[in-house]
Amino acid sequence: MHRIIQIGIDIDEVLFPFIGKFRDYVASRLQKELKSFPDPTGWAFHDSWGLTVGEFDVMFAEFIEDDGFLDCDPIKGSIQMVWDIVKDNHVTLVTARGTFSNVSDQGLYVSKLHTVQWLQDNNLSSLPLVFTKNKHLLNVDIH
């Protein structure tokens, strides 16, 4: 007998190519070459990209307001992967979007709204979705 597993799947960098999309945005806004923005070594992108925390926060808020979470193709094969996992397990999508510090209430609202719209556009809106910074508290067997 197969045991149903509770699985949490993060949106960014599992389904949505956030780093690449945000890197493109920052490079364009600063009019610099993409190679000026290496792969970050952690979630403090400003260190990897030579930005101050303030510069990063402004760019990130603008990225949200400029539909950064809306128009983007999913990571290749990721949507099918989710549906393959869902066949035999329970899946909850999870993201820290909408819980960011240094983002206006409007920006938080837009990030949540655009996340839901993106999931709908990619046929994932029927899955449960949790917005939280504390992903480790999600009641799942594996994340």
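Residues numbered from 1 in each chain as written. Predicted model: local features only at pLDDT ≥ 70, side-chain atom pairs only at ≥ 80, totals over all residues. Heavy atoms only, no water.

Caption draft 1: Local environment of the nonpolar core. Core analysis: the biggest nonpolar cluster contains 34 residues, and Leu-15, Phe-18, Phe-22, Phe-60, Phe-69, Leu-93 and Leu-124 have the highest contact counts within it. Elements that contribute at least two residues to this core include exactly strand S1 (6-10), helix H1 (18-30), helix H2 (45-49), helix H3 (53-65), helix H4 (78-86), strand S2 (90-95) and helix H5 (105-121). Looking at this core element by element, the count peaks at six residues for H1. (Core = buried A, V, L, I, M, F, W, Y, C linked by side-chain atoms within 4.5 Å. Buried < 20%, exposed > 50% of the residue type's maximum accessible area, 1.4 Å probe, protein only. Helix = DSSP H or I, 4+ residues; strand = E, 2+ residues; numbered from the N terminus.)

Caption draft 2: Local environment of the packing of aromatic side chains. Under the defined criterion, the tally for this structure stands at 22 aromatic pairs. Ring geometry for Phe-18 against Phe-63: centres 5.8 Å apart, planes inclined by 80 degrees, an arrangement best described as edge-to-face. With a gap of 45 residues between them, Phe-18 in helix H1 and Phe-63 in helix H3 connect regions that are remote in the sequence. Phe-63 carries the same exposure label as Phe-18, and that label is buried. Pairing Phe-69 with Phe-100 gives two aromatic rings, centres 6.4 Å apart and planes at 15 degrees, and the pair type is stacked. With Phe-69 in the loop between H3 and H4 and Phe-100 in the loop between S2 and H5, the pair connects residues that are 31 residues apart, well separated along the chain. The same class applies to Phe-69 as to Phe-100, namely buried. Over the ring of Phe-16 we find Arg-97, and its NZ or CZ is 4.6 Å from the ring centre. (Phe/Tyr/Trp six-rings, centres within 6.5 Å; stacked < 30°, edge-to-face > 60°. Lys NZ or Arg CZ within 6 Å of the ring centre and 35° of its normal.)

Caption draft 3: View of the pairing of S2. Burial within S2 is extensive, with five of its six residues counted as buried. Taken together, the five bridges between S1 and S2 define a ladder with parallel strand orientation. Bridged to Ile-9 within S2 is Leu-93. Here S2 pairs with strand S3 (residues 129-131) via three bridges, running parallel. Of the residues in S3, the one forming a bridge with Val-94 is Val-130. Between S2 and its parallel partner S3, the chain crosses via H5, and the hand of that crossover is right-handed. (Pairing = 2+ DSSP bridges. Right-handed = clockwise from strand over helix to strand, strands pointing away.)

Caption draft 4: Representation of the pattern of salt bridges in the model. Per the counting criterion, the structure on display carries seven salt bridges. Note that Arg-3 and Asp-141 form a salt bridge whose closest N and O atoms lie 3.4 Å from each other. Taken together, the residues span a long stretch of sequence, with Arg-3 in the segment before S1 and Asp-141 in the segment after S3 at a distance of 138 residues. Owing to a relative accessible area of 43%, Asp-141 belongs among the partly exposed residues under this scheme. Here Asp-39 and Arg-23 are joined by a salt bridge, their closest N and O atoms 2.7 Å apart. Placement of Asp-39 in the loop between H1 and H2 and of Arg-23 in helix H1 is noted, with a sequence separation of 16 residues between them. (Salt bridge = Lys/Arg side-chain N within 4 Å of Asp/Glu carboxyl O.)

Caption draft 5: Structural view of the side chain of Asn-89. One can find Asn-89 in the loop between H4 and S2. Judged by its relative accessible area of 15%, Asn-89 is buried. Only 3.0 Å separates the side chain of Asn-89 from the backbone oxygen of Ile-85, close enough to count as a polar contact. Look past the residues within four positions of Asn-89 in its chain and what remains in contact with it is His-2, Arg-3, Ile-4, Ile-5 and Ile-7. (Polar contact = N/O pair within 3.5 Å; in protein donor to acceptor, adjacent residues only side chain to side chain. Contact = heavy atoms within 4.5 Å.)

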